[in-house]
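Residue-level listing of the chains:
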Amino acid sequence: MAMVVTAPCAGCKYTDCVVVCPCECFYGDEQQLYIDPDDCIDCGACVPECPVEAIFLDSDVPAKWTSFVQLNADRVAVLKPLGAHVTEKVQR
Ligand code: SF4
Ligand code: SF4
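Below, the structure is looked at part by part. (Residues numbered from 1 in each chain as written. Chains lettered and ligands numbered in written order. Predicted model: local features only at pLDDT ≥ 70, side-chain atom pairs only at ≥ 80, totals over all residues.)

**Comments concerning the overall build of the protein**
Scanning the protein from terminus to terminus reveals one helix and four strands. The linear arrangement of helices and strands in the protein, starting from the amino end, is β-β-β-β-α. Rg of the C-alpha trace for the protein: 12 Å, near the compact-globule value of 12 Å for 92 residues, within the 12% margin. With respect to the three principal axes, the spread of C-alpha positions in the protein is 30 × 25 × 25 Å. When burial is assessed residue by residue, the protein has 30% of its 92 residues classed as buried. Contacts in the protein between residues far apart in sequence, at least 24 positions, make up 78% of those at least 6 positions apart. (Helix = DSSP H or I, 4+ residues; strand = E, 2+ residues; numbered from the N terminus. Rg over C-alpha atoms; globule rule 2.2 N^0.38 Å. Buried ≥ 20, exposed ≤ 12 C-beta atoms within 10 Å, placed from the backbone. Contact = placed C-beta atoms within 7 Å.)

Laid out in structure tokens, this is it:
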């Protein structure tokens, strides 16, 4: 089980979510952030931090966004070797 970042994250670079994560699970590209399903421990700390409610437990992702479960895993696999780790809040 892991948390999954879904469609409402698109365009958000405020990244309030990343600073509370004890496992540094977040990776990002120009579109949105993604959670590493191998590192996430389901602590839930990131969920209330997201102002647009983009983060769900993988088993609770709304039906219209279930493709994001695989997308998070796929994008992290690409972004991790590229060093696209996001561990600090982005200011803008
Ligand atoms: S706070 Fe929410 S919308 Fe913003 S980067 Fe984090 S998951 Fe995405
Ligand atoms: S549930 Fe916890 S471990 Fe998983 S991404 Fe959120 S803050 Fe990090």
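Having seen the structure, we can now continue with the description.
**Things to note about the environment of Thr 87**
The topology assignment puts Thr 87 in the segment after helix H1 (67–82). A residue is classified by how many C-beta atoms lie within 10 Å of it, and Thr 87, with 12 of them, is exposed. Distance in space between the C-alpha atoms of Thr 87 and Cys 23 is 9.5 Å, their sequence separation being 64 residues. Not counting residues within four places of it along the chain, the set of residues in contact with Thr 87 comprises Val 18 and Glu 24.

**Examining unusual backbone geometry**
For Glu 24, which is not glycine, the phi torsion reads 50 degrees and is therefore positive. You can see Glu 24 is positioned in the loop between strand E1 (3–5) and strand E2 (26–28). Given 12 C-beta atoms within 10 Å, Glu 24 falls into the exposed group. Positive phi outside glycine occurs at Glu 53, with the angle close to 50 degrees. As for its placement among the helices and strands, Glu 53 is situated in the loop between strand E3 (33–35) and strand E4 (55–57).

**Re the site of ligand 1**
Around ligand 1 sit 13 residues, and of these Cys 9, Cys 12, Cys 17, Cys 50 and Ala 54 come closest. Within the shell around ligand 1, the residues separate by chemical class into ten nonpolar, two polar and one charged. (Near = placed C-beta within 6 Å. Nonpolar A, V, L, I, M, F, W, Y, C, P; charged D, E, K, R; others polar.)

**Details of H1**
Compared with an ideal rise of 1.5 Å per residue, which puts 16 residues at 22 Å, H1 spans 23 Å between its outermost C-alpha atoms and is within 8% of the ideal. Maximum bend of H1: about 25 degrees, positioned at Val 76. Among the residues making up H1, those that are buried are Phe 68, Asn 72, Arg 75 and Val 76. Looking at the buried side of H1, the elements it contacts are E1, E2 and E3. Positive phi shows up at Gly 83, right after H1, with a value of about 80 degrees. (Expected span 1.5 Å × (residues − 1). Bend = angle between axes of the 7 residues up to and from the residue.)

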